[in-house]
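# Coordinates in review
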Amino acid sequence: MRPLWRGVDMSNGELQTQEDAIRKIVHVDMDAFYASVEQRDNPDLRGRPVVVAWHGPRSVVCAASYEARKFGIRSAMPALRAARLCSHAVFIPPDFTRYKAVSLAVREIFSRHTDLIEPLSLDEAYLDVTENKTGLPTATRVAIKIREEIRQELNLTASAGVAPNKFLAKIASDWKKPDGLFVIQPHQIHSFLSDLSIGRIPGVGKVTEQHMLDAGIKTVGDVQAMDAETLETRFGRYGLRLYELSRGIDHSPVVPNRMRKSLSAEDTFPEDIPLRETESSIRRLAEKVWAASRENARGARTVVLKLKTKEFNSLTRSLTPPEMPGSAEGLAAVALSLFDRVELGANQLFRLVGVGLSNFQSSEEPPLFSCGDEASDGEGLANLPVS
Ligand SMILES: [Mg+2]
């Protein structure tokens, strides 16, 4: 009899390899990373609501301490709104050089346990510990040890999720946050997922979630009850992904040293809007991407505009100008110029827009800076799937 967790339903004909069957993945996510580093390094900030954000009327929150989160402040929220929510919050401009140094120290700890490390940003990474370097008997023990080392050596806390694949490990790391550990054993996958609210699935942001709630889909269990065809009809290609994820199927391997080929940000609109009305969003996103890429912007050669139609069809348009823009405004202007190449008619409505930089020339450490992308709608997360 095959192990339960191999997926409740293999009717799509896809068989997992033996290698998949024994995978042990840990997802480690530092708690309120940038804000925690600030609080660690400045005792005056401890216990206080700290918001890491640049100054400026259109700036967004890069990180919020747990004290600040009590006031409803979240990553990616406009900084002005954060200031309204908590008038005594301490605003600190981000210092990515320092965060990056701490991030490398965290990664050094990971590397004692495995070489299969896939960083997602400065503050989170997937680790494949199917075989680990220290001889610890289980993935859970590895996760416990890593959290201990981070706490003892760096005076910071991290949350970790342990599961047989990346998708589940990421959900698990969020489960007991902050400073928590959660393990999903193979035999627990189906029941764990069936009670999970649909908004917990990566890629299902607020807007998609509402769309699904309207369709009567509240939990992953509700998705489990649907067949692939229905899901595809309703949600396009993402529907097929949903079909698999709802059954705990995720074959994606941990890819170490992945080169960041793109950097981007995206917005999902509260309601679908025509292309011409996306302009203010594009300007804001361009500013965000520009800020996040400030050390590497010159290395990018291509500007990308991503759109998702009301019907969930994704399209990207890109341009590699002879000279890269030298400012956020310039980046926005290039992105806006790509409107001409969206040939869908003035009546087409869009649910999402994204602006990105790609085709980075530098072969050095990729830009892993992110500013609030954890709170984005998540479809594609912070990075556009541009090649
Ligand atoms: Mg984090």
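The sections below set out a description of the structure shown in this document. (Residues numbered from 1 in each chain as written. Predicted model: local features only at pLDDT ≥ 70, side-chain atom pairs only at ≥ 80, totals over all residues.)

The five strands lie next to each other as S5-S6-S1-S7-S8, forming an open sheet whose pairing is mixed. Edge positions in the sheet fall to strand S5 (117–121) and strand S8 (181–183), since each of these pairs with one other strand and no more. The sheet shows a mean angle of 15 degrees between the axes of neighbouring strands, direction not considered. Contacts from helix H5 (residues 96–111) reach strand S1 (25–30), S5 and strand S6 (124–128) within the one sheet, and its direction differs from that of S5 by about 155 degrees. (Pairing = 2+ DSSP bridges. Helix = DSSP H or I, 4+ residues; strand = E, 2+ residues; numbered from the N terminus. Axes fitted to C-alpha atoms, helices over the stretch in contact; angles between N-to-C directions. Contact = placed C-beta atoms within 7 Å.)

What follows concerns helix H14 (residues 328–337). Where H14 is concerned, the buried positions are Ala328, Leu331, Ala332, Val334 and Ala335. Taken end-on, H14 shows its buried residues confined to a sector of 160 degrees, consistent with a single buried face. In this structure, the buried side of H14 is in contact with helix H13 (279–292), strand S10 (302–309), strand S11 (314–319) and strand S12 (349–358). (Buried ≥ 20, exposed ≤ 12 C-beta atoms within 10 Å, placed from the backbone. Arc of directions from axis to C-beta.)

This brings us to the nonpolar core. Core analysis: the largest hydrophobic core is formed by 72 residues, its most contacted members being Val26, Val51, Val61 and Leu127. Residue contacts for leucine 127: discarding those within four places in its chain leaves Ile25, Val26, Val28, Phe110, His113, Thr114, Leu116, Ile117 and Val254. Listed in part, the 25 residues of the second largest apolar core include Ala265, Val304, Leu305 and Val353. (Core = buried A, V, L, I, M, F, W, Y, C linked by C-beta atoms within 7 Å.)

On to the pairing of S1. Among the six residues that make up S1, six are buried, leaving the element largely enclosed by the rest of the structure. The alternating pattern of S1 places Ile25, His27 and Asp29 on one face and Val26, Val28 and Met30 on the opposite face, and all of these are buried. One ladder, built from five bridges, connects S1 with S6; its direction is antiparallel. Note on S6: the bridge partner recorded for valine 28 is alanine 125. Strand direction decides the pairing type here: S1 and strand S7 (residues 158–163), joined by six bridges, are antiparallel. Residue pairing across strands places methionine 30 opposite alanine 158, the latter belonging to S7.

The next point concerns the sheet that holds S10. One open sheet accounts for four strands, arranged S9-S12-S10-S11; its pairing is antiparallel. Because the sheet does not close on itself, it has two edges, and the strands there are strand S9 (262–274) and S11. Sheet twist, expressed as the average angle between the axes of neighbouring strands with direction ignored, equals 15 degrees. Contacting S10, S11 and S12, H14 crosses the sheet at an angle of about 55 degrees to S10.

What follows is about the packing of helix H11 (residues 228–235) against helix H12 (residues 237–246). Interaxial distance between H11 and H12 falls to 6 Å at its minimum, and their mutual angle equals 140 degrees. In terms of axis orientation, H11 runs oblique to H12. For the element pair H11 and H12, the recorded crossing hand is right-handed. Residue-level inspection shows Ala228, Leu231, Glu232, Arg234 and Phe235 of H11 in contact with H12, the latter providing Tyr238, Gly239, Leu240, Leu242 and Tyr243. Of the residues belonging to the contact of H11 with H12, the class tally is seven nonpolar, one polar and two charged. (Parallel < 35°, antiparallel > 145°, perpendicular 65-115°, else oblique. Left-handed = near helix turned anticlockwise from the far one by under 90°. Nonpolar A, V, L, I, M, F, W, Y, C, P; charged D, E, K, R; others polar.)

These figures come from the coordinates and say nothing about function on their own.
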